[in-house]
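Report on the structure
If you want the building blocks of each chain, they are given just below.
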Amino acid sequence: MSMIEHPGTGFPVGDPELLPLDKDLLPGAEEVRAAADATILSASGWRKIFAASDPAAPRAPWALSLFEPGAPDEDSLGTRVAPADIVLAAAMAKTFGEMILSGGHGNPAVLLGIDTRPTGPAIADVFARVLIAMGMRVRYLFIVAAPEIMAFAGRAASL
């Protein structure tokens with residue numbers, strides 16, 4: 001099986017054959033700690049720039065630093081996520097999964113959606129794999145606005 005693409009947009013959804021992290025590329029504890037230190041917790045959840053530093057990655061056309069060496073990663077349109085951030089995303093998924101499972105609801109279903117950032121499919125891939133490994137049913141909605149996923153969750157819970 002190869003890359004799965006969204007039929008309407010042609011955007012990459014994920015490649016089930018591609019492992020998110022090669023065992024030969026596992027980061028050390030200090031790398032993961034540094035990745036975690038760059039994360040903030042806000043009212044909307046954990047926030048971080050997940051785009052891996054890559055000077056060759058395309059930059060957003062609106063970025064003022066488009067042609068400057070060392071342009072901020074927040075302007076990156078790259079899809080690659082650094083190994084330490086993959087581990088961090090897995091830890092986030094595990095933490096979220098443990099919270100869901102602590103509610104004692106047997107075989108829970110989790111809605112998983114992303115915004116339009118290019119790193120979304122890579123992060124969602126990690127989250128889906130961790131949650132499935134924890135015994136949850138994952139419903140991947142792909143690109144979805146937060147109010148829509150909340151409305152869907154509210155509707156699904158009442159069925």
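Everything in this summary refers to the structure shown in the same document. (Residues numbered from 1 in each chain as written. Predicted model: local features only at pLDDT ≥ 70, side-chain atom pairs only at ≥ 80, totals over all residues. Heavy atoms only, no water.)

**Structural notes on the overall build of the protein**
- Check the secondary structure of the protein and you find four helices and six strands.
- Since a compact globule built from 159 residues should have a radius of gyration of about 15 Å, the 17 Å found for the protein is in line with a globular shape.
- If one aligns the C-alpha atoms of the protein with their principal axes, the spans along those axes are about 50 × 40 × 40 Å.
- In the protein, buried positions account for 29% of the 159 residues.
- Across the protein, contacts joining residues at least 24 apart in sequence account for 62% of those joining residues at least 6 apart.
- With an accessible surface of roughly 10,300 Å², the protein has 62% of that area assigned to carbon and sulfur atoms.
- Distance between charge centroids for the protein: 9 Å, based on 12 positive and 18 negative side chains. (Helix = DSSP H or I, 4+ residues; strand = E, 2+ residues; numbered from the N terminus. Rg over C-alpha atoms; globule rule 2.2 N^0.38 Å. Buried < 20%, exposed > 50% of the residue type's maximum accessible area, 1.4 Å probe, protein only. Contact = heavy atoms within 4.5 Å. Areas by Shrake-Rupley, 256 points an atom, 1.4 Å probe, with all protein chains shown as cover. Lys, Arg positive; Asp, Glu negative; His and termini not counted. Charge placed at Lys NZ, Arg CZ, Asp CG, Glu CD.)

**Re the layout of surface pockets**
- Of the voids in this model, the largest pocket is the one considered here, and its volume is about 1,400 Å³.
- Along its surface, the largest pocket is lined by 39 residues, and Trp46, Gly113, Ile114, Asp115 and Arg117 are the ones closest to its centre.
- For the lining of the largest pocket, the secondary structure elements donating two or more residues are β4 (45-47), α2 (83-101), β5 (109-114), α3 (120-133) and α4 (146-157).
- Classifying every residue of the lining of the largest pocket gives 25 nonpolar, seven polar and seven charged.
- Here the second largest pocket is characterised by a volume of approximately 480 Å³.
- Taken together, 21 residues make up the lining of the second largest pocket; nearest its centre are Leu18, Pro20, Thr79, Arg80 and Ala122.
- Across the lining of the second largest pocket, the residue classes tally to 15 nonpolar, two polar and four charged. (1 Å grid on protein atoms, 1.4 Å probe; cavity = no way out; pocket = protein on both sides within 12 Å on 5 of 7 lines; lining within 4 Å. Points joined across faces, edges and corners; volume = space filled by probe spheres on them. Nonpolar A, V, L, I, M, F, W, Y, C, P; charged D, E, K, R; others polar.)

**Looking at the packing of aromatic side chains**
- The final tally for this structure, using the stated rule, is one aromatic pair.
- Ring centres of Tyr140 and Phe142 lie 6.1 Å apart, and the angle between their planes is 85°; this geometry places the pair in the edge-to-face category.
- On the basis of relative accessible area, Tyr140 is assigned to the partly exposed category, the value being 29%.
- Among the residues examined, Phe142 registers a relative accessible area of 7% and is labelled buried.
- Note that Lys48 overlies the ring of Phe50, its terminal NZ or CZ placed 5.8 Å from the centroid. (Phe/Tyr/Trp six-rings, centres within 6.5 Å; stacked < 30°, edge-to-face > 60°. Lys NZ or Arg CZ within 6 Å of the ring centre and 35° of its normal.)

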